[in-house]
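So the chains spell out like this:
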Amino acid sequence: MPNIENLKKQAKLYLRWHREKYYPVAAQIRLFLQRLSNLSDREILELDFKLSDAQELVARRSGFENWPALIKGINTMAASANSPRASIIVAAEPQLFVSDVEASCAFYVQKLGFAVAFIYGEPAFYAQVFRDAGRLNLRKVDGPVLDHAFRAREHDALSATFVLDDAKPLYLEFQQAGVTFHQTLKSEPWGARAFIVEDPDGNLIAFAGEG
């Protein structure tokens, strides 16, 4: 369960990073504060960013609409926590190895409709792209990303799978965008309808919905 004091420290840390013009924090502000989503890094860092804004960012990162809702939620959880319980996995962020982070970001944004959450390094060596609740972390590696012998043996080995309510609308969107499919939309034996896209480095990404 989140600790309120730690969350307060997080908010103050975001505020300090903004005052120090720490560029990576601009991506986080743009991602979680939708009213600032159209601003550039420079524009965000020039804003009058207050503690209340930093608290809102922390709250939205934690899945709450605002800071009071976050505090209320934590207090409610604390009141109901009469005994220890197991941890709950709330999300997964697959990491893909890529040869060129900026080229990979361009593919996911321009072809697959993702957005860039952040990109680090000069030249870039790490980034995250997202669409709706799905996220992919992209990490640069030197040399071939996938072993050719492995790909020859395991032709359909996946790097990540996104689960959809309905795969067909997205499939049609990708078709219109000129995406090349490793596997076109089809019904699988286990009941799902799925298609597979191959990124520039040969990573296979499946998109699966209900049959």
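Reading the values: the criteria
- Residues numbered from 1 in each chain as written.
- Predicted model: local features only at pLDDT ≥ 70, side-chain atom pairs only at ≥ 80, totals over all residues.
- Heavy atoms only, no water.
- Salt bridge = Lys/Arg side-chain N within 4 Å of Asp/Glu carboxyl O.
- Buried < 20%, exposed > 50% of the residue type's maximum accessible area, 1.4 Å probe, protein only.
- Helix = DSSP H or I, 4+ residues; strand = E, 2+ residues; numbered from the N terminus.
- Pairing = 2+ DSSP bridges.
- Axes fitted to C-alpha atoms, helices over the stretch in contact; angles between N-to-C directions.
- Contact = heavy atoms within 4.5 Å.
- 1 Å grid on protein atoms, 1.4 Å probe; cavity = no way out; pocket = protein on both sides within 12 Å on 5 of 7 lines; lining within 4 Å.
- Points joined across faces, edges and corners; volume = space filled by probe spheres on them.
- Nonpolar A, V, L, I, M, F, W, Y, C, P; charged D, E, K, R; others polar.
- Polar contact = N/O pair within 3.5 Å; in protein donor to acceptor, adjacent residues only side chain to side chain.

(A) Highlighting the pattern of salt bridges. Scanning the entire structure with this criterion turns up eight salt bridges. In this structure, Asp48 and Lys50 form a salt bridge, with 2.9 Å as the shortest nitrogen-oxygen distance. Taking the relative accessible area as the measure of exposure, Asp48 reaches 59% and is therefore exposed. The salt bridge partner of Arg131 is Glu173, with a shortest N-O separation of 2.8 Å. In this pair, Arg131 sits in strand S3 (residues 124-131) while Glu173 sits in helix H8 (residues 167-176), placing the two residues 42 residues apart along the sequence.

(B) Main features of the pairing of S3. Bridge analysis of strand S2 (residues 115-121) against S3 gives six bridges, and the strand direction is antiparallel. Bridging across to S3, Tyr120 finds its partner in Tyr126. The antiparallel pairing of S2 with S3 creates a hairpin that spans two residues between the two strands. The turn joining S3 and strand S4 (residues 134-140), which pair antiparallel and follow one another in sequence, is formed by two residues; a positive phi near 55° is taken by Asp132.

(C) Representation of the sheet that holds S4. A sheet is described by the order of its strands in space; here four strands give the open sequence S1-S4-S3-S2, paired in mixed fashion. The two strands at the open ends of the sheet, each matched to only one other strand, are strand S1 (95-98) and S2. Recorded for the sheet is a direction-independent mean angle of 20° between the axes of neighbouring strands. Here six bridges tie S3 to S4, and the two strands are oriented antiparallel to one another. Paired with Arg131 across the two strands is Gly134, which belongs to S4. Sheet contacts for helix H2 (residues 24-32): S2, S3 and S4; angle to S2, the most-contacted strand, approximately 170°. Its contacts with the sheet put helix H6 (residues 101-110) on S1, S2, S3 and S4, and the angle it makes with S3 is roughly 10°.

(D) Region of the structure containing the layout of surface pockets. Of the pockets and cavities examined, the second largest pocket occupies roughly 260 Å³. Lining the second largest pocket are 13 residues, with Arg131, Gly134, Phe162, Val163 and Leu164 positioned closest to its centre. Of all the secondary-structure elements, those providing two or more residues to the lining of the second largest pocket are S4 and strand S5 (160-163). Grouping the amino acids of the lining of the second largest pocket by side-chain chemistry returns eight nonpolar, two polar and three charged.

(E) Structural view of the side chain of Arg30. Its place among the elements puts Arg30 in helix H2. Here the side chain of Arg30 touches Leu39 through a polar contact of 3.1 Å, landing on its backbone oxygen. Those residues in contact with Arg30 that sit more than four places away from it in its chain are Leu36, Ser37, Leu39, Ser40, Asp41 and Ile44.

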